[in-house]
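# Notes for the structure review
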Amino acid sequence: MSLLRKPSSAPEPTPEPVVEPVAGKGRATPKRRDTAPKRQPMTAPRTSKEAAQLRKQQATQTRNAPAAAKMGTREYREALKRGDESVLSRRDTGPVRRLARNWVDTHHLASNYLLLVFPLLLFAGSIPDHLGTYFTIGLVVIFAVEWLWVGRRIHALAVSRFDQVTEKPWVLGLYAGQRAFLPRKWRSPGATVR
């Protein structure tokens, strides 16, 4: 309703066309059957020469496999108990970690009794006047201080024995603490020193 307005002589601007961006990567995704390598059917060897070649090929593959894959379950467990470096996980390998395990295995710590304290922590919430909460917090502080102290001791011992030690003391303390609270025969890798 433009009764009171004066008509303008300027033409109205035309709206510019909106260009929508192209979605996607601009090409179709290839089918898996086109990109995956073709699986060849396995046929039994016909001659003894083919059988010998197949055995040789399989022996090469098993020779290049990791040591843990070569041995059976019993041998693997025995090697893990002995602390054989070839079967240990990356977390447990290295001379510093071996030193930490041996140090924990030869010392008595408060963490050795942590499994015995867990049932007490279950009933600590039922103690009146928040005493159970204070008890739990006190135990956490005691174990944290012990693990930091143990980590510093192991780190100082490792620095004196080895040239380079990349592990931080608190990391060694946590590693030693998680080993210390388990009973000696449950520890993995097994204790090698008395």
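Keep in mind that what you see is a predicted model, and the values were worked out from it rather than measured. (Residues numbered from 1 in each chain as written. Predicted model: local features only at pLDDT ≥ 70, side-chain atom pairs only at ≥ 80, totals over all residues. Heavy atoms only, no water.)

### So, the pattern of salt bridges
Applying the stated criterion across every chain yields a total of four salt bridges. The closest approach of N and O atoms between Arg97 and Glu167, which form a salt bridge, is 2.9 Å. With Arg97 in helix H5 (residues 95–105) and Glu167 in the loop between helix H7 (131–161) and helix H8 (169–180), this pair connects stretches of sequence that are 70 residues apart. Notably, a salt bridge pairs Asp105 with Arg179, separated by 3.0 Å at the nearest N-O pair. Of this pair, Asp105 sits in helix H5 while Arg179 sits in helix H8, and the two are 74 residues apart along the sequence. On the basis of relative accessible area, Asp105 is assigned to the buried category, the value being 7%. (Salt bridge = Lys/Arg side-chain N within 4 Å of Asp/Glu carboxyl O. Helix = DSSP H or I, 4+ residues; strand = E, 2+ residues; numbered from the N terminus. Buried < 20%, exposed > 50% of the residue type's maximum accessible area, 1.4 Å probe, protein only.)

### Digging into the environment of Leu115
Relative to the helices and strands, Leu115 is located in helix H6 (residues 114–123). For Leu115, a relative accessible area of 30% puts it in the partly exposed group. Put simply, Leu115 and Pro183 are 68 residues apart on the chain and 8.6 Å apart in space, counted from C-alpha to C-alpha.

### Quick word on the packing of aromatic side chains
Using the criterion set out here, one finds two aromatic pairs in the structure. Their ring planes at 70° and their centres at 6.3 Å tell us that Trp103 and Trp149 sit as a pair that is edge-to-face. Within this pair, whereas Trp103 is found in helix H5, its partner Trp149 is found in helix H7, the two being separated by 46 residues in sequence. On the numbers, 6.4 Å between centres and 25° between planes, the contact of Phe143 with Trp147 is stacked. (Phe/Tyr/Trp six-rings, centres within 6.5 Å; stacked < 30°, edge-to-face > 60°.)

Remember that the coordinates give geometry; whether it matters functionally is a separate question.
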